[in-house]
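These are the residues of each chain, in order.
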Amino acid sequence: MELYELIAPCHFGLEAVMKREILDLGYEIERVEDGKVTFLADAEGIAYANLFLRTTERILLKVGQVHAETYDELFEATKALPWEKFIPKNGKFWVTKANSIKSKLFSPSDIQSIMKKAIVERLKQVYHMEWFPEDGAQYPIRVSILKDEVTIGLDTSGVSLHKRGYRKLTAKAPITETLAAALIMLTPWKGDRILVDPFCGSGTFLIESALKALNIPPCINRKFAAEKWDCIDSHIWSSERQRAIGLVNKTAEFKAFGFDIDEESVRLSIDNSAKAGVKSRIRIEQADISEYRPMNAITICNPPYGERMLEIREAEELYRKMGEVFRPDSENPCYIISPHEEFEKFFGRKADKKRKLYNGMIKCNLYMYFK
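This write-up is about the structure you can find in this document. (Residues numbered from 1 in each chain as written. Predicted model: local features only at pLDDT ≥ 70, side-chain atom pairs only at ≥ 80, totals over all residues. Heavy atoms only, no water.)

A look at the overall build of the protein
Okay, so step 1: When helices and strands are tallied, the protein shows ten helices and 14 strands.
Okay, so step 2: By the compact-globule yardstick of 21 Å for 371 residues, the protein fits well, its C-alpha radius of gyration being 23 Å.
Okay, so step 3: The principal-axis extent of the C-alpha atoms belonging to the protein is close to 70 × 45 × 35 Å.
Okay, so step 4: Buried positions account for 54% of the 371 residues belonging to the protein.
Okay, so step 5: Sequence-distant contacts in the protein: of pairs separated by 6 or more residues, those separated by 24 or more amount to 75%.
Okay, so step 6: Approximately 17300 Å² of the protein is accessible, and the part contributed by carbon and sulfur atoms is 50%.
Okay, so step 7: Measuring between centres, the 55 positive side-chain charges of the protein sit 2 Å from its 54 negative side-chain charges. (Helix = DSSP H or I, 4+ residues; strand = E, 2+ residues; numbered from the N terminus. Rg over C-alpha atoms; globule rule 2.2 N^0.38 Å. Buried < 20%, exposed > 50% of the residue type's maximum accessible area, 1.4 Å probe, protein only. Contact = heavy atoms within 4.5 Å. Areas by Shrake-Rupley, 256 points an atom, 1.4 Å probe, with all protein chains shown as cover. Lys, Arg positive; Asp, Glu negative; His and termini not counted. Charge placed at Lys NZ, Arg CZ, Asp CG, Glu CD.)

Structure follows, in structure tokens:
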């Protein structure tokens, strides 16, 4: 059984959540770094991780790690890697993304071009071909360079894993499915506790909690790039899907409630929960925040804020109203994500704990109230 090094990127500051999730699936952690976790798994694990990991954007199969300070060094180091082990004669391959931090090689377009040429030269020598049709399966390559150390991986996922397939449309200022799943894991919520989102938008917190409570694989209804790769037996994907379906807990007790003042958001949340197959487990209603009442539940939300939806004064007034009606304590803990630096002042209470994170490119805090 061959083991591969797999890299799971994650939101900065949420590496511990990603690590715990991988360990819970039974895989061995190799290392944890800023924004990513590397673990070991076999071919079945590549399929299973794509299906089940909730907090990563993609699963990268590590091809190699090299040191390069010049483009000539990058070319030769890339060419020396065993690309033929993964990419067949007709494979379509390209460097889809290159990131560089504190390195002498800093031009993404140059990095992409040089590495593509190096891979072509390698495959020319191995396959004894001068031209490649590239009309077969897709092999997207992702590269990250930190202080001249180049990590190279094949993207087994293709389309980002946050695209579960249930959220065709979104409300304004959405939170990604992967970030929502990670934030839920930062709370003490378990499947048998009620979860409430009073600003449910497109229903992401509600749906992700339902999927986790019922042990439904978040990406069970979508395809992955590596499903068409020759180097991974196609039967693995179907067998791992069947195994994942067999682990769904249909008898789990789970309840979630969502509210939103916007009628369109309510309709959207209901539609999305139906697409995700969890509509019967979630109750969603149109309601203003002033109507909110604690219900011995965990509250988690991404309220509107001035930078994107409301004028800043309106957002601050909303925070004041939240502080009046939430009244968090050990029985009704609240977890609120906001970019407003003075959120606590308007909410009227200092958070018991704060955690810095990013919602897309927006720097935020997760304000935790649990005492």
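Remarks on the pairing of strand β5 (residues 92–101)
Okay, so step 1: Where β5 lies against strand β6 (residues 138–146), nine bridges are found, and the strand directions are parallel. The residue of β6 that forms the bridge with Val95 is Ile141.
Okay, so step 2: Of the crossover connections in this fold, the one passing from β5 over helix α4 (residues 108–127) to the parallel β6 is left-handed. (Pairing = 2+ DSSP bridges. Right-handed = clockwise from strand over helix to strand, strands pointing away.)

A closer look at the sheet that holds strand β9 (residues 256–260)
Okay, so step 1: Strand order in the open sheet formed by seven strands is β10-β9-β8-β11-β12-β14-β13, and the pairing between neighbours is mixed. Edge positions in the open sheet fall to β10 (282–286) and β13 (353–359), since each of these has one partner strand only. Direction aside, the axes of adjacent strands within the sheet are offset by 20 degrees on average.
Okay, so step 2: Two elements, strand β12 (residues 334–338) and strand β14 (residues 362–369), share five bridges in a ladder whose sense is antiparallel. For Ser338, the partnering residue across the bridge sits in β14 and is Asn365.
Okay, so step 3: Here helix α6 (residues 204–213) sits on the sheet in contact with β8 (195–197), β9, β10 and β11 (298–301), set at roughly 160 degrees to β8.
Okay, so step 4: Taken strand by strand, helix α9 (residues 312–326) contacts β11 and β12, and its axis lies near 175 degrees from that of β12. (Axes fitted to C-alpha atoms, helices over the stretch in contact; angles between N-to-C directions.)

Considering unusual backbone geometry
Okay, so step 1: A positive phi angle, near 55 degrees, is found at Asn215, a position not held by glycine.
Okay, so step 2: Within the secondary structure, Asn215 is located in the loop between α6 and α7 (234–246).
Okay, so step 3: Residue classification places Asn215 among the partly exposed positions, given a relative accessible area of 28%.
Okay, so step 4: Not every positive phi belongs to a glycine, and Arg327 is a case in point at roughly 50 degrees.
Okay, so step 5: By the element assignment, Arg327 lies in the loop between α9 and β12.

Details of the pairing of strand β2 (residues 28–33)
Okay, so step 1: Bridge count for β2 against strand β3 (residues 36–41) is five bridges, and the pairing is antiparallel. By the bridge assignment for β3, Arg31 is matched with Thr38.
Okay, so step 2: In this structure, the hairpin formed by β2 and β3 is closed by a connection of two residues, where Gly35 is found at a positive phi of approximately 80 degrees.

Some words on the nonpolar core
Okay, so step 1: Counting 60 residues, the largest nonpolar core has Ile22, Phe39, Trp83, Ile141, Val143, Leu154 and Trp229 as the members making the most contacts within it.
Okay, so step 2: The biggest single contributor to this core is helix α2 (residues 43–52), with seven residues.
Okay, so step 3: Aside from chain neighbours lying at most four places away, what touches Leu154 is Ile59, Leu60, Leu61, Val63, Trp83, Phe86, Tyr139, Pro140, Ile141 and Trp229.
Okay, so step 4: Grouped together as the second largest cluster of nonpolar side chains are 38 residues, Val17, Leu179, Ile284 and Ile298 included. (Core = buried A, V, L, I, M, F, W, Y, C linked by side-chain atoms within 4.5 Å.)

Some points on the packing of helix α5 (residues 177–186) against α6
Okay, so step 1: At a minimum axis separation of 9 Å, α5 and α6 run at an interaxial angle of 65 degrees. Put simply, α5 runs roughly perpendicular to α6. Both α5 and α6 take part in a crossing whose hand is right-handed. From α5, Glu177, Ala180, Ala181, Leu183, Ile184 and Met185 reach across to α6, where they touch Thr204, Phe205, Glu208, Ser209 and Lys212. (Parallel < 35°, antiparallel > 145°, perpendicular 65-115°, else oblique. Left-handed = near helix turned anticlockwise from the far one by under 90°.)

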